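An overview of the molecular structure
Chain by chain, the residues:
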Amino acid sequence: MNKVKDIQEVDNSAPFKKMVHLLYVPTMFCNLGCKYCYLGSQTDQKSLVKEEHKAVEALDFALKKFLKADVLPFNVSLHGGEVTTLRQTTLKALYKLIEQHYLNHFDHLTANGFKKVNPHIKTNLYNFDKLHGLMLEHKVSISASIDLPLSLHEKYRTTKKDQSTLAKTLNNLKLLGQYPHGKKISATLYQEHFDKCDELIQDIWYIHNELKFDMNQFNFMFGFNSALNDDKFNDNLLDTTPISHEGQVAFYHKMKESFTGTELEYGFKRNWFDEFTPSYCTNAFNCGERFFLLQADGNIYSCVRGQGVEPFFYGNIFHDSVEDILNAGKQKIAKVHQEQELHEDCQKCEYLHICHTGCPFVKNESRSGKSYTCLLQKEIYKDNPIAYPPAKNTEHQKLLLEDYTFRMHPHKLSAKPEKKISFEVPTELTEANNHLKSIIEGDTILESLYAEDAFFFDLDGDIYPLASQILKVKREFYNLCPEDSIRIHIKKSIFEVNCKEKIRNTFYIQMLRDTKVVYGDEKRTKQEHLFTHQIFYNLLKESTVLGSEYFEFNLGKLLRSSQEYFIENVPNNIFFTTLTLRDYHYQKQKQNAFYHIQAINLPFQNIEFFWNE
């Protein structure tokens with residue numbers, strides 16, 4: 001059965017509620033037998049030799065199903081196994097499919113800052129000479145993996161018959177050096193590689209100077225123990241001990257000392273250790289929200305590391321809905337982080353908001369609650385304090401910890417003792433009918449003012465109901481930036497509450513900043529008001545996500561135009577209501593002292609956020 005025909009064509013002009021990074025594995029087979037491969041025996045089977053066309057059909061089906069669900073893959077990269085073991089006709093069909101995907105959604109991708117137009121592959125480079133013409137034709141960008149020093153490439157990067165691949169790899173590296181399109185290489189390091197550090201440095205210069213491959217386009221990775229690898233090679237004595245945290249730092253400083261002031265200093269600063277910065281998935285708050293790996297059999301996993309490992313299996317594109325797959329990704333990654341607990345070091349760390357405790361797969365394999373490159377990351381952050389600023393002070397660090405804990409480990413905040421009241425209050429306030437909840441329930445207008453279905457926060461397609469700040473049990477902080485898609489969805493019916501003419505009513509926005517000022521006759525210290533913004537009812541547009549009962553407003557555009565008022569590492573607080581509900585709140589304060597006491601702070605639905613330019 002040709003599953004591709006089951007998915008209808010998609011309207012390319014329609015908006016997308018979510019964008020994802022999609023790795024595609026058209027074959028698990030690999031022509032090499034690298035001794036430390038974390039995929040274990042999965043790369044030994046040639047499952048698509050006779051039916052390679054299914055690899056193309058599976059990707060076509062998946063892309064159409066994602067698009068039908070309003071999910072746009074913004075990056076479709078080919079991974080393995082080894083992609084270049086496929087026939088040229090299959091590769092050509094895959095390249096064309098990816099190219100057409102980028103062209104079909106060029107406007108959406110460009111509007112969101114993505115400029116992909118050509119296919120990308122990850123390869124061991126063994127077949128590059130045979131496929132050089134095809135790569136040129138489709139302007140394929142190439143990420144090649146080797147071992148450094150080269151003596152360990154010869155030792156570990158062997159064919160399945162244990163034959164050396166070094167000579168052929170060096171010839172293809174030289175050919176890659178002359179390749180005119182996107183290219184880079186990477187190397188994975190274990191303790192044995194680190195022990196040959198001087199030899200490794202010599203080989204970097206050899207590849208750069210003799211093979212003419214620009215080693216600024218290079219990056220390091222650090223190896224880790226893998227259960228699948230252990231199962232495959234448990235009878236062999238392999239020297240694949242991971243480098244310790246202290247060893248990684250020593251290696252980083254060795255590279256810094258050796259290449260600072262040379263023509264490869266840019267590579268050291270920009271690319272070599274980039275995997276350990278927030279630009280990579282390893283630093284995502286929850287990578288299951290955005291990064292996915294699809295296999296030709298339809299199975300979807302977290303990434304190349306998670307292939308074949310149950311905690312990182314999200315579902316099958318042929319059998320499961322996109323919504324279920326996305327939810328599984330988010331929930332399973334959160335579960336892995338939660339099972340490893342929040343490490344004591346992370347609770348004290350001034351960089352928690354940048355690192356987010358590291359790669360969940362490696363945490364799961366190593367049974368550790370913190371990143372396996374923790375100390376190395378801190379060294380990188382310290383060398384680049386503007387790009388990766390630490391918490392401003394102890395209080396700011398505590399605030400960031402509370403935010404991370406609330407979002408990833410909410411169970412840890414469930415049993416906090418109530419704070420003791422240190423001042424006298426009227427005894428009538430303790431009477432049930434004077435509690436804020438009772439006052440709200442007895443007033444239909446207040447019920448609309450505090451309703452939790454009145455406003456929804458839409459961040460990159462993820463939608464959250466908003467609640468009044470004085471009714472919330474916990475504070476939650478978002479990290480927002482100019483590239484985010486940020487919208488507010490407003491229930492239309494609330495414009496009719498306490499209002500005679502809707503056309504005179506407005507969507508009312510108040511922006512505050514957590515820089516304290518003194519207001520009013522009572523000399524209260526409060527958050528500083530930055531601005532008020534109003535949009536008249538008849539100018540609001542219907543929500544493209546929640547349908548005819550809601551309006552939507554492009555909050556991201558307003559925030560970007562106001563970002564000069566935001567201060568780095570200082571929280572901002574934005575409130576939403578209508579003009580007539582706001583007026584009613586202040587009227588109620590004048591009429592009811594018990595309401596005034598309990599709603600002395602702004603009671604409207606709100607979002608607290610940090611702005612990161």
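It should be emphasised that the depicted structure is a prediction, and the values quoted were computed from it without experimental measurement.

1. Description of the sheet that holds strand 17 (residues 547-553)
What the 5 strands build is an open sheet, ordered 11-10-13-17-16; its pairing is antiparallel. The open sheet has two edge strands with one neighbour each: strand 11 (462-465) and strand 16 (541-543). Between one strand axis and the next, the sheet turns by 40° as a mean value, whatever way the strands run. By the bridge criterion, 5 bridges tie strand 10 (residues 455-459) to strand 13 (residues 486-491) in an arrangement that is antiparallel.

2. A closer look at the nonpolar core
Generally speaking, nonpolar side chains in soluble globular proteins are found buried as a group. One finds L148, F220, M255, W272 and F273 to be the most contacted residues of the largest nonpolar core, which totals 98 residues. At 9 residues, the largest contribution of residues to this core is made by helix 1 (residues 53-68). What L148 contacts, discounting residues up to four positions off in sequence, is A187, L189, H193, L200, D203, I204, I207, M215 and F218.

3. Details of the side chain of T90
When you line up the elements, T90 lands in helix 2 (residues 88-104). The class of T90 is buried, set by a relative accessible area of 5%. If sequence neighbours within four positions are ignored, T90 has contacts with E52 and V56.

4. A look at the side chain of N124
If you trace the backbone, N124 turns up in the loop between strand 3 (120-123) and helix 4 (128-138). In this structure the side chain of N124 is engaged in a polar contact, spanning 2.9 Å, whose partner is the backbone nitrogen of Y126. Those residues in contact with N124 that sit more than four places away from it in its chain are C30, N31, L32, E82, S145 and R157.

5. Some details on empty space enclosed by the protein
This structure, assessed with the given rule, holds 3 cavities of 30 Å³ or more. Its volume calculated, the largest cavity comes out at about 110 Å³. Around the largest cavity, the lining is made up of 13 residues, and of these C346, C349, C355, C374 and K378 lie nearest the centre. Within the residue set of the lining of the largest cavity, elements represented by two or more residues are helix 13 (344-347), helix 14 (352-355) and helix 16 (374-383). Among the elements that make up the lining of the largest cavity, the one with the highest residue count is helix 16 (4 residues). Estimates place the volume of the second largest cavity at around 60 Å³. In terms of lining, the second largest cavity is formed by F285, L352, H353, H356, L400, D403, Y404, R407 and N479.

6. Considering the pairing of strand 2 (residues 71-78)
For strand 2, a buried count of 8 out of 8 residues is recorded, marking the element as mostly surrounded by other parts of the structure. Pairing of strand 1 (residues 18-25) with strand 2 involves 7 bridges; the strand directions are parallel. Bridged to L22 within strand 2 is V76. By the bridge criterion, 2 bridges tie strand 2 to strand 3 in an arrangement that is parallel. Residue pairing across strands places S77 opposite H120, the latter belonging to strand 3.

7. A few points about the packing of helix 4 against helix 6 (residues 166-177)
Relative orientation and spacing of two packed helices are given, respectively, by the angle between their axes and the distance between those axes. The interhelical angle for the contact between helix 4 and helix 6, taken along N-to-C directions, is 20°, at an axis separation of 10 Å. Our classification of the angle between helix 4 and helix 6 gives roughly parallel. For helix 4 against helix 6, the interelement crossing comes out right-handed. Every residue of helix 6 that contacts helix 4 at F128, D129, K130 and H132 is listed here: K168, N172, L175 and L176. Among the residues making up the contact of helix 4 with helix 6, the classes are represented as 3 nonpolar, 2 polar and 3 charged.

8. Brief notes about the environment of I142
Summarising the element assignment, I142 is placed in strand 4 (residues 141-146). By relative accessible area, I142 is classed as buried at 1%. Distance from I142 to P119, taken between C-alpha atoms, is 8.8 Å for residues 23 residues apart in sequence. With sequence-adjacent residues up to four places away left out, I142 is seen in contact with H120, I121, T123, F128, M135, L176, Y179, G182, K183 and K184.

9. Considerations on the environment of N393
Within the secondary structure layout, N393 lies in the loop between helix 16 and helix 17 (394-408). With a relative accessible area of 41%, N393 lands in the partly exposed category. Once the C-alpha coordinates of N393 and N569 are considered, the two residues, 176 residues apart in sequence, prove to be 9.7 Å apart. Polar side-chain contacts of N393 include one of 3.2 Å to the backbone nitrogen of E395.

10. Details of helix 10 (residues 245-259)
Here helix 10 is 15 residues long and its end C-alpha atoms lie 22 Å apart, about the 21 Å a rise of 1.5 Å per residue gives. Three or more residues of helix 10 are buried, namely G247, Q248, V249, F251, Y252, M255 and F259. On its buried face, helix 10 sits against strand 5 (183-189), helix 7 (191-195), helix 8 (197-209), strand 6 (218-222), helix 11 (265-272) and helix 16. Just downstream of helix 10 lies G261, where phi reads positive at about 90°.

11. What to know about the sheet that holds strand 19 (residues 605-611)
By way of backbone hydrogen bonds, the strands of a sheet pair with one another, either parallel or antiparallel. Read across the sheet, 5 strands follow the order 12-19-18-14-15 without closing on themselves; strand pairing throughout is mixed. Strand pairing shows two members of the sheet lacking a second neighbour, strand 12 (477-480) and strand 15 (524-536), which therefore form its edges. Here the average twist between neighbouring strands, direction ignored, is 35°. Where strand 14 (residues 506-519) lies against strand 18 (residues 572-578), 7 bridges are found, and the strand directions are antiparallel. Directly across from Y508, in strand 18, lies its bridge partner T577. Sheet strands touched by helix 17: strand 12 and strand 19. Its angle to strand 12, the strand with the most contacts, is close to 100°. Each of strand 14, strand 15 and strand 18 is contacted by helix 21 (residues 579-591), which is oriented at about 100° to strand 18, the strand it contacts most.

Cut-offs used in this document
Note that residues are indexed from 1 along each chain, following the sequence as it is written. Thresholds applied to this predicted model are a pLDDT of at least 70 for local features of residues and 80 or more for the giving and counting of side-chain atom pairs; totals over whole chains, interfaces and linings are not thresholded and use all residues. To get the side-chain values, all heavy atoms of the structure are used, and hydrogens and water are removed first. By definition, two strands form a pair when at least two bridges between them are found by DSSP. Counting from the N terminus, the helices are DSSP H or I runs at least four residues long and the strands are E runs at least two residues long. Between the N-to-C directions of two axes lies an angle of 0 to 180 degrees, each axis being a line fitted to C-alpha atoms and, for a helix, fitted only over the stretch in contact. Grouping buried Ala, Val, Leu, Ile, Met, Phe, Trp, Tyr and Cys residues that are joined through side-chain atoms within 4.5 Å yields what is termed a nonpolar core. Think of it in three bands: with a 1.4 Å probe and only protein chains considered, a residue is buried below 20% of the maximum accessible area for its type, exposed above 50%, and partly exposed in between. Contacts are assigned to residue pairs that have any heavy atoms within 4.5 Å of one another. In protein, a polar contact requires one atom able to donate a hydrogen and another able to accept it; more generally it is a pair of N or O atoms within 3.5 Å, and residues adjacent in sequence count only if both atoms are side-chain atoms. Each cavity reported here is a set of points on a 1 Å grid over the protein atoms alone in which a 1.4 Å probe fits but cannot get out, each pocket an open set with protein on both sides within 12 Å along at least five of seven lines, and each lining residue one with an atom within 4 Å of a point. Grid points are joined across faces, edges and corners, and a volume is the space filled by probe spheres set on the points. Convention used here: angles under 35 degrees read as roughly parallel, angles over 145 as roughly antiparallel, angles from 65 to 115 as roughly perpendicular, and any remaining angle as oblique. A crossing counts as left-handed when the near helix is turned anticlockwise from the far one by less than a right angle, and as right-handed when that turn is clockwise. As a working rule, the residues Ala, Val, Leu, Ile, Met, Phe, Trp, Tyr, Cys and Pro are called nonpolar, Asp, Glu, Lys and Arg charged, and the rest polar, with Gly in that last group. In this analysis, the expected span of each helix is defined as 1.5 Å times one less than the number of residues it contains.

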